[in-house]
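Next come the chains, spelled out residue by residue.
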Amino acid sequence: MRVLVTGGAGYVGSHAAKQLTKSGHQVVILDNLAEGHRPAAGSTPFVSASLLDRERVVAAMSEHKIEAVMHFAAFAYVGVSVKDPAIYYQNNIVGSLALLDAMRGAGIDRIVFSSSCATYGIPERVPITEDHPQHPISPYGFTKLVIEHALADYSHAYGMGYAALRYFNASGAAADGTIGEDHDPETHLIPLLLQVALGQRESVDVFGTDYPTPDGTCIRDYIHVDDLATAHVAALEKLKPGMALKLNLGTGHGASVEEVVTLCREVTGHAIPVRKTARREGDPPALVADPSAAKRELGWQARYSIREIVESAWKWHKAHPKGYND
Ligand SMILES: NC(=O)c1ccc[n+]([C@@H]2O[C@H](COP(=O)([O-])OP(=O)(O)OC[C@H]3O[C@@H](n4cnc5c(N)ncnc54)[C@H](O)[C@@H]3O)[C@@H](O)[C@H]2O)c1
């Protein structure tokens, strides 16, 4: 299929674009580089444009005879979305609606959308199944939920086929070490810990050690970015016009902050000092996916363990200590 990958110069999108190409699809990346990195797109055809630039998006769809879209482009900092929700509403909601309208105009009826476990808010139960109530607690999570609703309505009314893939904690880097995570500012636990091992930070804050978890620190479900990429390709290949898939993408296994710190110390051989601080508002004790629906619907399940995630991330960060600006 000829696939437009929005946000394909970003972390998850670049890994998915690579996987799509490997699976024989023809990929065109559209990214405005607000956050991503041009080298992450490699030699894949690249359109430098915003989702909000309707003319350029429509032109890209028609020029490349696009048949399906993978939509990663969004802002994704939960904290920033609380302080400045306007840019999140504009980029993530208005931008996505502009993309959907361009798709309708071009007769493209398949889309795989990056949703998030942030749509669930504070979970009532873990592991989280897809029918868990969605009550996001941040503007970021809400923008993702709004687009899930839009997709459901567009599917019902216009026959659009969609997969809303709710990722848990994307982490790790491509096995060949060519692409990886490079966010600025970095907020994700594993790259932060590895930056300490590289001597780029003194320590990492551990927010809360008194949670009702075995070691008192928060538990999250870390999913390898290449596992996410494989799930995206499987979802795309399964989609038919009018089909609606809403799937969690996680491993089903949680790792605590303390466990991740220990693993990073083992893998890097560095002491990695941490500072134990107070809980952060809005952090639930545990977020773990029940990924059985993705297994049932896509025949997909995560292959990589948390150790392999840390090892692949370490390989990337060691080889690219300044990320793509090396
Ligand atoms: N990283 C995670 O753990 C995680 C978890 C759940 C969901 N997600 C979602 O997955 C997607 C990808 O996340 P990521 O970590 O790769 O983020 P990222 O910031 O690395 O990538 C997003 C890309 O989208 C581009 N972009 C943003 N707005 C754009 C616009 N208006 N027009 C064109 N391009 C635009 C950015 O330049 C960037 O390259 C996002 O939608 C995010 O919300 C990520």
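Criteria and cut-off values
Residues numbered from 1 in each chain as written. Predicted model: local features only at pLDDT ≥ 70, side-chain atom pairs only at ≥ 80, totals over all residues. Domains from an automatic or database assignment. Contact = placed C-beta atoms within 7 Å. Helix = DSSP H or I, 4+ residues; strand = E, 2+ residues; numbered from the N terminus. Nonpolar A, V, L, I, M, F, W, Y, C, P; charged D, E, K, R; others polar. Expected span 1.5 Å × (residues − 1). Pairing = 2+ DSSP bridges. Axes fitted to C-alpha atoms, helices over the stretch in contact; angles between N-to-C directions. Core = buried A, V, L, I, M, F, W, Y, C linked by C-beta atoms within 7 Å. Buried ≥ 20, exposed ≤ 12 C-beta atoms within 10 Å, placed from the backbone. Parallel < 35°, antiparallel > 145°, perpendicular 65-115°, else oblique. Left-handed = near helix turned anticlockwise from the far one by under 90°. Near = placed C-beta within 6 Å.

Draft legend 1. Fine view of the domain arrangement of the chain. Taken domain by domain, the chain comprises domain 1 (2–171 + 222–249) and domain 2 (189–221 + 252–325). Measuring from the centre of the C-alpha atoms in domain 1 to the corresponding centre in domain 2 gives 24 Å. Contacts between the two partners involve 30 residues from domain 1, matched on the other side by 27 residues from domain 2. Elements with a minimum of two residues in the side of domain 1 that touches domain 2: strand 7 (169–171), strand 10 (222–224), helix 7 (225–238) and strand 11 (244–249). Among the residues forming the side of domain 1 that touches domain 2, the class breakdown is 18 nonpolar, eight polar and four charged.

Draft legend 2. Summary view of helix 1 (residues 11–22). Compared with the 16 Å implied by 1.5 Å per residue over 12 residues, the 17 Å span of helix 1 between its first and last C-alpha is a close match. Considering only its buried residues, helix 1 is in contact with strand 1 (2–6), strand 2 (26–31), strand 4 (68–71), strand 5 (110–116), strand 7 and helix 7. Positive phi appears at Gly24, one or two residues downstream of helix 1, with a value of about 95°.

Draft legend 3. Inspection of the sheet that holds strand 4 at higher detail. Spatially, the seven strands line up as an open sheet ordered 3-2-1-4-5-6-11, and their pairing is parallel. At either end of the open sheet lies a strand with only one pairing partner, and these are strand 3 (46–48) and strand 11. Geometrically, the sheet is characterised by an average inter-axis angle of 20° between neighbouring strands, direction not taken into account. Sheet analysis places strand 5 next to strand 6 (residues 161–167), joined by seven bridges and oriented parallel. Of the residues in strand 6, the one forming a bridge with Ser114 is Leu165. Across the sheet, helix 5 (residues 139–158) lies against strand 5, strand 6 and strand 11, angled at about 155° from strand 5, the strand it touches most.

Draft legend 4. Focus on the nonpolar core. In terms of nonpolar packing, the biggest core is built from 98 residues, with Ala163, Leu165, Ala235 and Leu249 touching the most fellow members. A per-element tally of this core places helix 7 first, with eight residues. Residues from two domains meet in this core; each of domain 1 (2–171 + 222–249) and domain 2 (189–221 + 252–325) gives at least three. Other than its neighbours up to four places away in sequence, Leu249 contacts Leu165, Arg166, Tyr167, Phe168, Ile223, Leu228, Ala231, Ala289, Pro291 and Ala294.

Draft legend 5. Structural context of the packing of helix 6 (residues 189–197) against helix 8 (residues 257–268). Running from amino to carboxyl end, helix 6 crosses helix 8 at an angle of 40°, the nearest separation of the two axes being 10 Å. In terms of orientation, helix 6 and helix 8 fall into the oblique class. Crossing handedness for the pair helix 6 and helix 8: right-handed. From helix 6, Leu189, Ile190, Leu193, Leu194 and Ala197 reach across to helix 8, where they touch Val257, Val260, Val261, Cys264 and Thr268.

Draft legend 6. Highlighting the packing of helix 2 (residues 54–63) against helix 4 (residues 85–106). Where helix 2 contacts helix 4, the axes come no closer than 10 Å and their chain directions differ by 40°. It follows that helix 2 is oblique to helix 4 by the angle criterion. The element helix 2 and its partner helix 4 pack so that their crossing is right-handed. Between helix 2 and helix 4, the residues in contact are Arg54, Val57, Val58, Met61 and Ser62 and Ala98, Leu99, Ala102, Gly105 and Ala106, respectively.

Draft legend 7. Spotlight on the site of the ligand. With respect to spatial proximity, 28 residues lie near the ligand, and among them Gly7, Gly10, Gly36, Ala74 and Ala170 are the closest. Top element by residues in the shell around the ligand is helix 1. It accounts for three residues.

Draft legend 8. A look at the sheet that holds strand 14 (residues 286–287). On the basis of which strands lie adjacent, the open sheet formed by three strands has the order 12-9-14 and mixed pairing. At either end of the open sheet lies a strand with only one pairing partner, and these are strand 12 (255–256) and strand 14. Two strands pair when backbone bridges link them, and strand 9 (residues 219–220) and strand 14 are joined in this way by two bridges, in the parallel orientation. Along strand 14, the bridge assignment pairs Arg220 with Leu287.

Draft legend 9. Geometry of the environment of Ile87. Mapped onto the fold, Ile87 is located in helix 4. Ile87 sits in the partly exposed class, given 14 other C-beta atoms within 10 Å. Separated by 33 residues in sequence, Ile87 and Arg54 place their C-alpha atoms 18 Å apart.

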